Amino acid sequence: MSEVARTVDSQGYQADPETLKALGRVAVFLGGDSAEREVSLKSGQAVLSALVSAGVDAYAVDVRGCLLKTVEEPEFDRVFIALHGRGGEDGTIQAILSQAGIPFTGSDVLASALAMDKLRSKYVFEGCGLPTPKFRAMASAEEAGSLLQSLSLPLSVKPSREGSSIGIRKVNSEQELVEAYTQAAALDPLVLVEEWIEGPEFTVSLLQDQALPAIGLCTDHVFYDYDAKYLADDTRYQIPCGLDPDSELKLQHLALDAFRVLGCRTWGRVDIMQDRQGEFWILEVNTVPGMTDHSLVPMSARAAGISFEELVVRILMDTLEAGDA
């Protein structure tokens, strides 16, 4: 099959009974203690409903407190990770499950940790020659003046290890930079500052080393922030994304490159900006994207003819191969 999937006929999708039997009992890890708990609860419940609808023996586990307790006496054979943010998306739960020998969905420990850390993933992109906005780490408010000597306003200030656009702010002056740094550092001492790319934003969902149709994101907010992602009803999602076929193909391959250089596997989503000159710039890779009613991966899968039930089963099926590795 082509590595860029455009149309998949999923009408009447039926998982193979032997595969469902091989999957055994599945725990859907959701909730957690991160700043993205509420989103994770919604994602996890959606995943659970779809798995049960597809015939999988699945149940929910709200992972709170000591993560080690989740594997002390497991009543499950494998895990669908629907945890967002620190503890669930950053390699922590992946390391615990790996040590316990329990198969889990998505990327492994290192890839999860890299992708969650926006700063270090940008070092990888830069080192591999992939286009990403010019950036610097910011360790104190006193660095604002010197930082503006190497980066041009406007800038984007981000806690390096938060998701769902939590703590991100666009700044247009040194004073705003100081304020934004203080707010971001309260969430994560590791703060990323990068040059703002003015232009359309796109996201590319990835499934089993294939790029699904790209989505163009349109919002009246300053950028595609938490409210635009999960709460607003006026965010516009463009599928087709608005690019010509050759440009969309270039966008999809760039997303695949970003996903691969971090060592990610099975599924994820890559967020990319296009500047006014038509050049693409990688922002970040998400290894456990949202699966809510506002989420982009299910939306992109539907555009490729993949039902939500098929999507979650296909993600889960990769744990059979990973568990045998």
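Computed from a predicted model, the values in this text were never measured in an experiment.

Draft legend 1. Main features of the overall build of the chain. Across its full length, the chain carries 11 helices and 13 strands. Look at the contacts in the chain between residues 6 or more apart in sequence, and 69% of them connect residues 24 or more apart. For the chain, the accessible area works out to roughly 13,700 Å², and carbon and sulfur atoms hold 50% of it.

Draft legend 2. Quick look at the UniProt feature "binding site: Mg(2+) 1" (unreviewed entry) in the chain. Taking the UniProt record as the reference, the feature "binding site: Mg(2+) 1" (unreviewed entry) is found at Asp271 and Glu284. Within the secondary structure, Asp271 is located in strand S12 (residues 267–274). Sequence-distant contacts of Asp271, that is, excluding residues within four places in its chain, are made with Glu201, Phe202, Thr203, Trp281, Ile282, Leu283, Glu284 and Asn286. Within the structure, the side chain of Asp271 is placed 3.1 Å from the side chain of Arg269, a separation counted as a polar contact.

Draft legend 3. Geometry of the nonpolar core. Among the nonpolar cores identified, the biggest contains 46 residues, and Phe29, Leu51 and Phe80 are the most heavily contacted of them. With six residues, the single largest contributor to this core is helix H11 (residues 308–324). A domain-level breakdown of this core finds at least three residues from each of domain 1 (17–105 + 311–318) and domain 3 (198–287). Residues in contact with Leu51, not counting those within four places in the same chain, are Val26, Val28, Val56, Ala58, Phe80, Val312, Val313 and Leu316. Ranked by size, the runner-up nonpolar core spans 25 residues in total, among them Leu130, Leu256, Phe259 and Leu262.

Draft legend 4. Structural view of the pattern of salt bridges. Tallied over the entire structure, the rule returns 12 salt bridges. With a shortest N-O distance of 3.7 Å, Arg25 and Asp57 are connected by a salt bridge. Pair noted here: Arg25 is in strand S1 (residues 25–30) and Asp57 is in strand S2 (residues 57–62), with a separation of 32 residues, a long-range link. Of the charged contacts in the structure, one is a salt bridge between Asp271 and Arg269, with a shortest N-O distance of 3.1 Å. Here Asp271 matches Arg269 in class, with each residue buried. Each of Lys122, Lys158 and Glu194 takes part in one network of salt bridges that share partners.

Reading the values: the criteria
- Residues numbered from 1 in each chain as written.
- Predicted model: local features only at pLDDT ≥ 70, side-chain atom pairs only at ≥ 80, totals over all residues.
- Heavy atoms only, no water.
- Helix = DSSP H or I, 4+ residues; strand = E, 2+ residues; numbered from the N terminus.
- Contact = heavy atoms within 4.5 Å.
- Areas by Shrake-Rupley, 256 points an atom, 1.4 Å probe, with all protein chains shown as cover.
- UniProt positions renumbered as here; feature names shortened; annotations may be inferred.
- Polar contact = N/O pair within 3.5 Å; in protein donor to acceptor, adjacent residues only side chain to side chain.
- Core = buried A, V, L, I, M, F, W, Y, C linked by side-chain atoms within 4.5 Å.
- Buried < 20%, exposed > 50% of the residue type's maximum accessible area, 1.4 Å probe, protein only.
- Domains from an automatic or database assignment.
- Salt bridge = Lys/Arg side-chain N within 4 Å of Asp/Glu carboxyl O.

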